[in-house]
Amino acid sequence: VLLSGVCVSGMEKLVACPYKRPNALCRLICFPWAGGGTSQLAQWGKLFSSSVEVYSLRFPGRESRLKEPFAKDMTSLVNEITSVLLQDLQEKPFAFFGHSFGSYVSVAVALHLKEKHGLEPFHLFVSGAHTPNSEVFLLIKSIPISDKEDEDLLKYIEILGGTPSELLQNEDIRKQLILTFREDVRVLQTFCFEEAEGTAPFSCDVTCFNGSEDTEYDLKAWHDLTSGDTSSYKLPGSHFYLLEPSNEIFLTKHITRCIENAGL
């Protein structure tokens, strides 16, 4: 891909990694929320020790990929992520962290890696998300997102929080955010999760985080998706609890402990 005469690799397009650690023992791949970019989760790199390298993923249609069309559906998003990251994921252990929409994308990528390449994250960290086989997720899939007015989506974005109100005052930014959010939800609705009878799709440990003021998530349901251990934590705050500095510290310390206990 040419950007003003410079060839940009798939890796540069997809991954923000401001804190490069080529000698790290493992990588933490972070998947952003609907409408989100790379900035917050990429900064986690500085909160981890030198043994962890953090990749924050940049989906098409935002930031430096603003001019690219949005992903057509979950399959095409998963295919892009897998093809770009496959070599890196084969060379050293990796864990996934996803928040909200990002959790679902991370699960979709993990399922694809397991099925097609026999690869699996050693730990799956999901945040602010239902299991993809839950009743509530089926309800989310049935929301007629194309019929929703911009104003309705904006109200929902404001209720969820996580977007500074001064950004929402800027008409161009507001329009772009609503468009990106709408497209991300549309992609989410194309995620088809089919459970195989009698076998859990994963064998890795799964940890669920969510905000104490957020929607109730059926965290026990994750137990059925893995033969590994599952645990859950509620942190003070609403859907975007993870943006609070004290919660960020808890999350990164807890993830560090899980990585250390994995004995890589």
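Residues numbered from 1 in each chain as written. Predicted model: local features only at pLDDT ≥ 70, side-chain atom pairs only at ≥ 80, totals over all residues. Heavy atoms only, no water.

Looking only at helices and strands, the protein chain features nine helices and nine strands. Rg of the C-alpha trace for the protein chain: 18 Å, near the compact-globule value of 18 Å for 264 residues, within the 12% margin. Each principal axis of the C-alpha atoms in the protein chain carries an extent, and together these give about 50 × 50 × 35 Å. Here the protein chain holds 264 residues, and 52% of them are scored as buried. In the protein chain, once contacts between residues fewer than 6 apart in sequence are set aside, the share between residues at least 24 apart is 78%. Total accessible area on the protein chain stands at roughly 12800 Å², and carbon and sulfur atoms take up 53% of it. The distance from the centre of the 24 positive side-chain charges to the centre of the 35 negative ones in the protein chain is 5 Å. (Helix = DSSP H or I, 4+ residues; strand = E, 2+ residues; numbered from the N terminus. Rg over C-alpha atoms; globule rule 2.2 N^0.38 Å. Buried < 20%, exposed > 50% of the residue type's maximum accessible area, 1.4 Å probe, protein only. Contact = heavy atoms within 4.5 Å. Areas by Shrake-Rupley, 256 points an atom, 1.4 Å probe, with all protein chains shown as cover. Lys, Arg positive; Asp, Glu negative; His and termini not counted. Charge placed at Lys NZ, Arg CZ, Asp CG, Glu CD.)

The biggest cluster of nonpolar side chains holds 77 residues, and the ones touching the most others in it are Leu28, Trp44, Ile81 and Phe97. Broken down by element, the residue count for this core peaks at nine residues, all from helix H4 (residues 101-117). (Core = buried A, V, L, I, M, F, W, Y, C linked by side-chain atoms within 4.5 Å.)

Remark: helix H3 (residues 74-91) packs on H4, axes separated minimally by 9 Å, with the N-to-C direction vectors making an angle of 65°. In this structure, H3 crosses over H4, and the sense of that crossing is right-handed. Residues Met74, Leu77, Val78, Asn79, Ile81, Thr82, Leu86 and Leu89 of H3 form the contact with H4, whose participating residues are Phe101, Tyr104, Val105, Ala108, Val109, His112, Leu113 and His117. Considering only residue class, the contact of H3 with H4 consists of 12 nonpolar, four polar and no charged. (Axes fitted to C-alpha atoms, helices over the stretch in contact; angles between N-to-C directions. Left-handed = near helix turned anticlockwise from the far one by under 90°. Nonpolar A, V, L, I, M, F, W, Y, C, P; charged D, E, K, R; others polar.)

Looking at the element boundaries, Glu80 is found in helix H3. If sequence neighbours within four positions are ignored, Glu80 has contacts with Leu14, Pro60 and Arg65.

Turning our eyes to something else, we now look at the UniProt feature "domain: Thioesterase" (unreviewed entry) in the protein chain. UniProt's feature table lists "domain: Thioesterase" (unreviewed entry) at residues 27-247, given in the numbering used throughout. Secondary structure across residues 27-247 comprises 38% helix and 16% strand; the distance between its end C-alpha atoms is 21 Å. (UniProt positions renumbered as here; feature names shortened; annotations may be inferred.)

Here we take up the side chain of Arg65. Mapped onto the elements of the fold, Arg65 is located in the loop between strand E5 (52-57) and H3. A distance of 2.9 Å separates the side chain of Arg65 from the side chain of Glu80, its partner in a polar contact. Those residues within four positions of Arg65 in sequence are excluded, and the remaining contacts are Lys13, Leu14, Arg58, Phe59, Pro60 and Glu80. (Polar contact = N/O pair within 3.5 Å; in protein donor to acceptor, adjacent residues only side chain to side chain.)

Turning to the sheet that holds strand E7 (residues 123-127), a few remarks are in order. Spatially, the seven strands line up as an open sheet ordered E3-E5-E4-E6-E7-E8-E9, and their pairing is mixed. Only two strands of the sheet have a single neighbouring strand rather than two, namely strand E3 (15-16) and strand E9 (230-235). Where strand E8 (residues 205-211) lies against E9, six bridges are found, and the strand directions are parallel. Among the inter-strand pairings, Asn210 is bridged to a residue of E9, identified as Lys234. (Pairing = 2+ DSSP bridges.)

Glancing now at helix H6 (residues 150-160). Among all positions of H6, only Leu153, Leu154, Ile157 and Leu160 are buried. Looking down the long axis of H6, one finds its buried residues gathered within 120° of arc, a one-sided arrangement. Counted as exposed and oriented over 90 degrees from the buried face of H6: Glu151, Lys155 and Ile159. On its buried face, H6 is in contact with helix H7 (165-169) and helix H8 (171-188). In the segment just after H6, Gly161 is the residue with positive phi, at about 80°. (Arc of directions from axis to C-beta.)

Quick look at the environment of Asp218 now. Relative to the elements of secondary structure, Asp218 occurs in the loop between E8 and E9. Along the chain, Asp218 and Phe250 lie 32 residues apart, while their C-alpha atoms are 22 Å from each other.

Taken across its seven residues, E8 has six buried, putting it largely inside the fold. In this sheet, E8 lies alongside E7 in parallel orientation, the contact comprising five bridges. Opposite Leu124, over in E8, you have Val206 as the bridge partner.

What follows covers the pattern of salt bridges. For the structure shown, the criterion picks out 14 salt bridges. One salt bridge in this structure joins Glu91 and Arg27, with 2.8 Å as the shortest N-O distance. On the criterion of sequence distance, the pair formed by Glu91 in helix H3 and Arg27 in strand E4 (residues 26-31) is long-range, its members being 64 residues apart. Taking the shortest distance from any N to any O, the salt bridge between Glu63 and Arg58 comes out at 3.0 Å. Judged by its relative accessible area of 10%, Arg58 is buried. A network of salt bridges, in which partner residues are shared, links Lys13, Arg65, Glu68 and Glu80. (Salt bridge = Lys/Arg side-chain N within 4 Å of Asp/Glu carboxyl O.)

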